[in-house]
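# Secondary and tertiary structure notes
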Amino acid sequence: EAREERLADLRSDLEGQRGPYATTVTDDLDGVASTIETSEYTVEGRAAVADALEDFLQTASETLGEAVAVEGRADEVAGEDTGTMVEALEAVTADIEDASLDPDADAEGIATLLEAAESLATAAEDAQVFSDLEKREQLDRQGFYDVLTPKNRTDFPPEWNAIKLYEARGEPGPILTALEMFDSDFMEDNALDALEHLAPAEAYEDVMALAERRNEQPVRILGRIGDERACDTLEDFLGGGDTALEKTTLRALGAIGSEDSAEPVAQRLAADNPDIRSAAARSLGLVGDTRAIDPLADRLAEDDAEAVRASAAWALVQIGTERAHEAVRDYREDRSVLVQAEAEKAAPAGP
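Structural notes, computed from the coordinates. Counting restarts for each chain, with residues numbered from 1 along the sequence as it is written. In view of the model being predicted, local features appear only for residues whose pLDDT reaches at least 70, and side-chain atom pairs are presented and counted only at 80 or more, with totals across whole chains, interfaces and linings using the full set of residues. For side-chain calculations, the full set of non-hydrogen atoms in the structure is used, while hydrogens and water are omitted.

Centre distance within 6.5 Å is the pairing criterion for rings of Phe, Tyr and Trp, where only the six-membered ring of Trp is used; planes under 30 degrees apart are then read as stacked, over 60 as edge-to-face, and the remainder as tilted. Applying the stated criterion across every chain, the model contains three aromatic pairs. Ring centres of phenylalanine 144 and tyrosine 166 lie 5.6 Å apart, and the angle between their planes is 40°; on these two criteria the pair is classed as tilted. Here tyrosine 166 lies in helix H8 (residues 158–169) and phenylalanine 144 lies in the loop between helix H7 (135–141) and H8, a separation of 22 residues in the sequence. When sorted by exposure, phenylalanine 144 lands in the same class as tyrosine 166, which is buried. Relative to phenylalanine 186, the ring of tryptophan 160 has its centre 5.4 Å away and its plane inclined at 80°; by these criteria the two rings are edge-to-face. Taken together, the residues tryptophan 160 in helix H8 and phenylalanine 186 in helix H10 (residues 185–198) connect sequence positions 26 residues apart. For every residue, the accessible area obtained with a 1.4 Å probe (protein chains only) is divided by the maximum for its type, and the residue is called buried under 20%, exposed over 50%, and partly exposed between those limits. A relative accessible area of 23% means that tryptophan 160 is categorised as partly exposed. The class of phenylalanine 186 is partly exposed, set by a relative accessible area of 39%. Members of the aromatic cluster, each reached through a chain of ring pairs, are Phe144, Tyr145 and Tyr166. The rule is short: NZ of Lys or CZ of Arg within 6 Å of the ring centre and within 35 degrees of the ring normal puts a charge over the ring. Between the NZ or CZ atom of lysine 164 and the centre of the ring of tryptophan 160, over which it lies, the distance is 4.4 Å. A cation over a ring is seen here: arginine 282 above tryptophan 314, with NZ or CZ 4.8 Å from the ring centre. Each helix is a run of DSSP H or I of at least 4 residues and each strand a run of E of at least 2, with the numbering of both proceeding from the N terminus.

Below, the structure is given as structure tokens:
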């Protein structure tokens, strides 16, 4: 057993002393391709990677000759498009694999390719990416400040000025870029103000990430965007003890209008806080689900808070069916002027 173990060790050592191996080269090239795909290079960074890749392709061509069909690829990658670079790299990697290089007979060629691949990997890692730049320089290179002119530069800082201009132009993309890149509360507040006004669908993911922190303004924006994907998260905010957040959430759920939210919202008609009960009633009116007619009618009949009863009457009118209007008509001479005003809006009974 000891001899067998020693023999296995010797064989492993012997194998390790062969080479280098072509698979080492192709593994390195796979890593380079991944680096290029996942890196957000600046213009200068892409140019540096393209130059290094051209050098590697030339080395591969000189080392393996007809075994590697790289003719024309150098011209392609000179355009500095990262997708084209990755395609060229994957193609030459496949060519090297197909060449079936022997670690003994082709040791010199493999060593040359390995050295070139390592140089390429270093260049891909060292090339300038946007994260190397200061945030304002990143924004500048992405054209964020192009909206500013000597005539419309009226506010400081310029980022705030630009956000307001993009808002006026109805362009949420640069605003979302600023929201992502700036950490200051001031810039976040201004970006969110603009997004609340525009309520663009493309802002959903960024705004949802902020809403998950239980911030009221992002919750309001989700309501304005109206994407039903937000409902599950928003429903988790109900009953949490934060009255202001819950009222905002109920309004947002009403604005989104998903019937799936009717039941969790209706449960809040039983909340201890009358402000929550009132907000829940109005939310149900916006959702418009007829299943809410009975619980709303109960609030109208039994609640001891005038504002809640008025909200329930308003919601029944909003639901708009004959049964909903019937539940509120009899309150036209109610003791509460607010309830009377809402009951007057109910359509007259049919013949």
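Moving on from the model shown.
Attention now moves to a negative patch on the surface. There is a patch of like negative charges on the surface, built from Asp27, Asp30, Glu37, Asp81, Glu87, Glu90, Glu97 and Asp98. Sorting the residues of the negative patch by element identifies helix H2 (22–38) and helix H5 (82–98) as the ones contributing at least two each. For glutamate 37, the location among the structural elements is in helix H2. Without a salt bridge and with relative accessible area above 30%, a residue can belong to a patch; like charges are then joined within 9 Å and nonpolar side chains (Val, Leu, Ile, Met, Phe, Trp, Tyr) within 5 Å. Each accessible area value is a Shrake-Rupley result obtained with a 1.4 Å probe; residue values ignore everything except the protein chains displayed when judging cover. A pair is scored as a salt bridge if a Lys or Arg side-chain nitrogen falls within 4 Å of a carboxyl oxygen belonging to Asp or Glu. For this count, His and the chain ends are skipped, Lys and Arg are scored as positive, and Asp and Glu as negative. One atom stands in for each charge, and that atom is NZ of Lys, CZ of Arg, CG of Asp or CD of Glu.

For the purposes of this section, nonpolar cores are sets of buried Ala, Val, Leu, Ile, Met, Phe, Trp, Tyr and Cys residues that join through side-chain atoms within 4.5 Å. If you look at the biggest cluster of nonpolar residues, it comprises 69 residues, and the most contacted ones within it are Leu195, Leu234 and Leu296. Among the elements that line this core, the one with the most residues is helix H18 (residues 306–319), at eight residues. Here, two residues are considered to be in contact whenever any of their heavy atoms come within 4.5 Å of each other. If near-sequence neighbours (up to four positions away) are discounted, leucine 234 is found in contact with Val219, Leu222, Thr249, Ala252, Leu253 and Ile256. Val25, Tyr41, Phe56 and Met85 belong to the second-largest nonpolar core, a separate cluster that totals 30 residues.

On to the side chain of threonine 26, then. Inspection of the secondary structure assignment puts threonine 26 in helix H2. When neighbours within four sequence positions are excluded, threonine 26 is seen to be in contact with Thr93, Ile96 and Glu97.

The next thing to look at is the packing of helix H17 (residues 293–302) against helix H19 (residues 322–329). A fitted line through C-alpha atoms represents every axis, and for helices the fit uses only the stretch in contact; the resulting angles, taken between N-to-C directions, go from 0 to 180 degrees. H19 packs onto H17 with a crossing angle of 10° between their chain directions and a minimal axis gap of 10 Å. Judged by the inter-axis angle, H17 sits roughly parallel to H19. In this structure, H17 uses Ile293, Asp294, Ala297 and Leu300 to contact H19, whose residues at the interface are Arg323, Ala324, Ala327 and Val328. Amino acids outside the nonpolar list (Ala, Val, Leu, Ile, Met, Phe, Trp, Tyr, Cys, Pro) and the charged list (Asp, Glu, Lys, Arg) are all regarded as polar, and Gly is one of them. Taken together, the residues of the contact of H17 with H19 sort by class into six nonpolar, no polar and two charged. Working rule for angles: under 35 degrees goes down as roughly parallel, over 145 as roughly antiparallel, 65 to 115 as roughly perpendicular, anything else as oblique.

On to the side chain of glutamate 246. With respect to the element layout, glutamate 246 can be found in helix H14 (residues 243–256). Setting aside chain neighbours within four positions, we find glutamate 246 in contact with Phe237, Leu238, Gly239, Gly240, Arg268 and Ile276.

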